[in-house]
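# Residue-level structural notes
In case you want the letters, here they are:
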Amino acid sequence: MMERADSVQKLYTRMRLWEFTDQYVIEPTDGSSGSSLAVSRVDGSMKLIDEVPECTTLRVPKIFTIYGVVGIVRLLAGSYLMVITERECAGSYLGHPIFKITSMKVFPCDHSLKSTPAEQKKVEMEFSGLLNVAEKTSGLFFSYETNLTLSAQRLNDLGDESRLLPLWRQAEPRFLWNNYMLEVLIDNKLDPYLLPIVQGSFHYFQAAIGKDIIDVTLIARRCTRRNGTRMWRRGADPDGYVANFVETEQLMQFNGYTASFVQIRGSIPLLWQQIVDLTYKPKFELLKLDDAPRVLERHILDLRKKYGAVLAVDLVNKHGGEGRLCEKFGSTMQHVASDDVRYVHFDFHHVCGHVHFERLSLLYDQISDFLERNGYLLLNEKGEKMKEQLGVVRTNCIDCLDRTNVTQSMIGRNMLEYQLRRLGVFGAEETISSHPNLDERFKILWANHGDDVSIQYSGTPALKGDFVRFGHRTVQGIVNDGLNALQRYYLNNFCDGTKQDAIDLLQGHYIVSVGRDTAASSQKGGIEAIASFPLAFALVLTGFFFATMSLRQVQYDFRHAFFSLMWAGISVGLAAFVRANGRVFCNRPRLNNPHR
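This one's a predicted model, so the numbers in the text were calculated from it and none came from an experiment.

The number of helices and strands found in the protein is 19 helices and 20 strands. What you see for the protein is a C-alpha radius of gyration of 27 Å, in line with the 25 Å of a compact globule of 596 residues. On the principal axes, the C-alpha backbone points of the protein span a range of 90 × 75 × 45 Å. In the protein, buried positions account for 55% of the 596 residues. Pairs at least 24 residues apart make up 69% of the contacts formed inside the protein by residues separated by at least 6 positions. Of the roughly 26,400 Å² of accessible surface on the protein, 53% is carried by carbon and sulfur atoms.

Structure representation (structure tokens):
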């Protein structure tokens, strides 16, 4: 059903990278008879060669074992080759092995830097530093045999001609993480080296129900169209692509049957932002209100084309800053509502509070008719389609992480129970909860999934994960949520700007230009040129230290009261200045305007 034809040229699964003084040579070592790939260290140009050059006695080349070529990024003067140096098997998807990238390495092809101007060389070094950040990208998965960017239903719907294409040609561009980096290899027609990579999550378990064994897999695919970090990528862009858009597929296999259920999450599809400014919760700002209907319409139209009917479940608060977003989202949805497009608001915090998440059953009662009507994919032992999914539930809260994952896990649980009843594994009233082993593993599956998606967007595991993992709130879980919230604050304010730049560079959202980037580097000025939060914080503490020391001396010399007030005034004034200019003192993206 989903097998690829033998005639398709297979991807190399293991290679040896030779680091010569003038070039890198990538030699297949998996038994393939293909040519080696030579990459110039001067300009990154590529060519296929029949054999590895002989080593000279002057310098023995370093040799690395690699498991795939991620791609090439071109900067001002040089090109940079990124490869997979370590991997681990994460499981299988529809019978094909899936691997997780555990280590990547960047090899610079920048010998031409020797003849570039000093200013350009400086900018090049700043950009290449972002690639070092990119090496640590988490949640990257790939397969040498199957198209990981497509759900089981879309794989099943592929035509015979499409199945004969190389994997990168079959791939869904939205979920192809290294789409931009593969362009140079595509131009050079290097199909056996073109490895599609997905960012997201991949977990599975096997459980016994009586004499029956079922396999459950959960895979997340992160969209690259508006990829980024929590505070620097919010809402939608003018084309309707939203931040933190993730497709989650829950796959169940039993006795040759395959059932697949897809859900999606994504930021509120309006033009809005929440720019960090050192406050714990920066204010929400709606932008270009007149464009809201057009942006939302584009977003929903895109979802209709890809998934069919759409049920938008909005979990944000009715009041405060979230309330303004909720009201605008709800009123704008009225313009696109139809028989196949529904909007449901469920004030998660108001109904469930911080501990009563079982009240989500109230939401399920509102949406169960949509789920029953639009169903899931079901394939029999022969790979024939018995049933297909005709619509999708789109869930959002503000971050689309914590409340969203709790809600999606509840929907996924109910759909798995539907599937098991359909196949006769469960009786009419039987539930996952009545099987402790299955129940525990299912909870852990969704908790791990939520943590992975959250780490990629916010930098920390998901909040409320204890409920997903254990079925109830715990004291330890509440403490962990507090610590994770503080860590999110730190990362959002002081780290994520640089991370956002690295993402934009890798995804091709920012294309390096010699004239623009060299000029921009030399034009920095104003407060931003000298703003340093660590320095300002140290000065504030120093001021209070001297104020305290002077205050202690007042009993001996009253003039110290003046010095104490002076130092305290300087500290308070500096703190007020930093607070008033909070955005400038945060770690902001430099490559793309954060207001986009």
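Back to the write-up after that little detour.
Glancing now at the nonpolar core. If you look at the biggest cluster of nonpolar residues, it comprises 47 residues, and the most contacted ones within it are Leu363, Ile367, Leu420 and Leu438. If sequence neighbours within four positions are ignored, Ile367 has contacts with Leu311, Val313, Val344 and Ile411. Grouped together as the second largest cluster of nonpolar side chains are 33 residues, Tyr67, Val106, Leu130 and Leu505 included.

Inspection of the secondary structure puts Phe245 in the loop between β11 (212-222) and β12 (246-254). Looking at Phe245, the relative accessible area reads 6%, which means it is buried. For Phe245 and Ala208, which are 37 residues apart along the polypeptide, the C-alpha to C-alpha distance reads 33 Å. Those residues in contact with Phe245 that sit more than four places away from it in its chain are Arg174, Phe175, Arg221, Arg222, Cys223, Ile264, Arg265, Gly266, Leu303 and Tyr307.

Glancing now at the pairing of strand β20 (residues 391-396). When you tally the buried positions in β20, you get 6 out of 6 residues, the bulk of the element. Burial along β20 is two-sided: Gly391, Val393 and Thr395 facing one way and Val392, Arg394 and Asn396 facing the other are all buried. Across 2 bridges, the pairing between strand β13 (residues 257-265) and β20 is parallel. Among the inter-strand pairings, Ile264 is bridged to a residue of β20, identified as Arg394. One ladder, built from 6 bridges, connects strand β16 (residues 309-314) with β20; its direction is parallel. Opposite Val310, over in β20, you have Val392 as the bridge partner.

Pairing is antiparallel across the open sheet formed by 5 strands, whose spatial order is β4-β3-β2-β1-β5. Each of the sheet's edge strands pairs with one partner strand only, and the pair in question is β4 (46-49) and β5 (62-66). Put simply, the sheet's adjacent strands are angled 25° from each other on average, direction ignored. Relative to β5, strand β1 (residues 15-19) is paired through 5 bridges, and the arrangement is antiparallel.

For the rest of this paragraph, the subject is the pattern of salt bridges. Tallied over the full model, the rule gives 26 salt bridges. With a shortest N-O distance of 3.4 Å, Arg342 and Asp369 are connected by a salt bridge. In this pair, Arg342 sits in strand β17 (residues 341-345) while Asp369 sits in helix α9 (residues 361-374), placing the two residues 27 residues apart along the sequence. Of the charged contacts in the structure, one is a salt bridge between Lys443 and Asp439, with a shortest N-O distance of 3.0 Å. Of the two residues, Lys443 and Asp439 are both situated in helix α11 (residues 436-458); the distance of 4 residues between them amounts to about one turn of the helix. One continuous salt-bridge network, built from bridges that share partners, spans Arg230, Arg234, Asp399, Asp402 and Arg488.

A positive phi angle is found at Leu94, which is not glycine, with a value near 55°. Residue class for Leu94 comes out buried when judged on its relative accessible area of 15%. If you check the backbone angles, Lys189 has positive phi at about 55° while not being a glycine. Within the fold, Lys189 resides in the loop between α5 (183-187) and β10 (197-209). Residue classification places Lys189 among the exposed positions, given a relative accessible area of 69%.

Another aspect to go through is the UniProt feature "domain: SAC" (unreviewed entry) in the protein. Those residues carrying the UniProt feature "domain: SAC" (unreviewed entry) are residues 131-459 in this numbering. End C-alpha atoms of residues 131-459 are separated by 18 Å, and the span's content is 35% helix alongside 22% strand.

We now examine helix α6 (residues 292-307). One turn of the α-helix equals 3.6 residues, which is why residues spaced by three or four share an orientation. In this model α6 runs 22 Å from its N-terminal to its C-terminal C-alpha over 16 residues, within 8% of the 22 Å that 1.5 Å per residue would give. All buried positions along α6 are accounted for by Ala292, Val295, Leu296, His299, Ile300, Asp302, Leu303 and Tyr307. Projected onto a plane normal to the axis of α6, the buried residues spread over an arc of 155° and lie on a single side. Buried residues along α6 sit in contact with β12, β13, β16, α7 (320-333), β17 and β20.

So, on to the environment of Leu158. Of note, Leu158 is situated in the loop between α2 (152-156) and α3 (160-163). Spatially, the C-alpha atoms of Leu158 and Gln170 are 8.8 Å apart, while their sequence positions differ by 12 residues. Setting aside its immediate chain neighbours within four residues, Leu158 contacts Leu150, Arg163 and Gln170.

Cut-offs used in this document
Residues numbered from 1 in each chain as written. Predicted model: local features only at pLDDT ≥ 70, side-chain atom pairs only at ≥ 80, totals over all residues. Heavy atoms only, no water. Helix = DSSP H or I, 4+ residues; strand = E, 2+ residues; numbered from the N terminus. Rg over C-alpha atoms; globule rule 2.2 N^0.38 Å. Buried < 20%, exposed > 50% of the residue type's maximum accessible area, 1.4 Å probe, protein only. Contact = heavy atoms within 4.5 Å. Areas by Shrake-Rupley, 256 points an atom, 1.4 Å probe, with all protein chains shown as cover. Core = buried A, V, L, I, M, F, W, Y, C linked by side-chain atoms within 4.5 Å. Pairing = 2+ DSSP bridges. Axes fitted to C-alpha atoms, helices over the stretch in contact; angles between N-to-C directions. Salt bridge = Lys/Arg side-chain N within 4 Å of Asp/Glu carboxyl O. UniProt positions renumbered as here; feature names shortened; annotations may be inferred. Expected span 1.5 Å × (residues − 1). Arc of directions from axis to C-beta.

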